[in-house]
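What follows is each chain in one-letter form.
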Amino acid sequence: MHLHKYEKIWLTFGIVCLVAFLSIVGVNAFAQDHTPAGGMHTIDPEKVRETAPFNEPGVKQLDDDTYQATIIASAFAYDGGQTLQVPAGKEIIFKLTSTDVVHSFTIDNTNVNMMVVPGQVTTKSYTFKEPGKYLIICNEYCGTGHHYMYTEIEVTE
Ligand code: CUA
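Residues numbered from 1 in each chain as written. Predicted model: local features only at pLDDT ≥ 70, side-chain atom pairs only at ≥ 80, totals over all residues. Heavy atoms only, no water.

(A) Focus on the overall build of the chain. In terms of helices and strands, the chain carries 1 helix and 10 strands. Listing each helix as α and each strand as β along the chain from the N terminus yields α-β-β-β-β-β-β-β-β-β-β. A compact globule built from 157 residues would reach a C-alpha radius of gyration of about 15 Å, whereas the chain, at 21 Å, exceeds it by more than 25%. Along the first, second and third principal axes, the C-alpha atoms of the chain reach 70 × 35 × 30 Å. Counting all 157 residues of the chain, 34% fall into the buried class. (Helix = DSSP H or I, 4+ residues; strand = E, 2+ residues; numbered from the N terminus. Rg over C-alpha atoms; globule rule 2.2 N^0.38 Å. Buried < 20%, exposed > 50% of the residue type's maximum accessible area, 1.4 Å probe, protein only.)

(B) How the structure looks around the UniProt feature "domain: Cytochrome oxidase subunit II copper A binding" (unreviewed entry) in the chain. Per the UniProt entry, the sites bearing "domain: Cytochrome oxidase subunit II copper A binding" (unreviewed entry) are residues 64-157 in this numbering. End-to-end, the C-alpha atoms of residues 64-157 are 15 Å apart, and along that stretch the chain is 0% helix and 54% strand. (UniProt positions renumbered as here; feature names shortened; annotations may be inferred.)

(C) Local environment of a nonpolar patch on the surface. On the surface, a nonpolar cluster with roughly 510 Å² of combined accessible area is contributed by Tyr6, Ile9, Trp10 and Phe13. Within the element layout of this structure, Tyr6 appears in helix α1 (residues 5-31). When its relative accessible area of 54% is taken as the criterion, Tyr6 is described as exposed. (Patch = residues over 30% accessible without salt bridge, like charges linked within 9 Å, V, L, I, M, F, W, Y side chains within 5 Å. Areas by Shrake-Rupley, 256 points an atom, 1.4 Å probe, with all protein chains shown as cover. Salt bridge = Lys/Arg side-chain N within 4 Å of Asp/Glu carboxyl O.)

What follows is the structure, given as structure tokens:
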């Protein structure tokens, strides 16, 4: 095979750039301790319902100012206990996992937009300022029922 001189130069240039780019990304990721959203908290996706806190999905008060909302995502629903109801003005710690495929947990009109990955516990803290009903949707394509995957959270006074 014969390579033209310019072809060789550009090939070398391309490879050098790729190696440099990947090194920068890699070194940064380790140096800055990058992890998936919510950290490296993992869970056996086959045993979600036997593993705390997902054995008791729902909203639980942790202390005067903090609540934890434990929710299981699966095709094509969210299981957050009976009704998802939390108070406004308090810190809500959302803890999610998936039992099957990748979903998302996106609360309309907020900056809560979590990726829910099987085998991983995703955590996000949020404080609702305004009471009302908020729509929760899945924005990660997860199968034929993806567009039916939504629920609601009620934020009380
Ligand atoms: Cu779940 Cu899309």
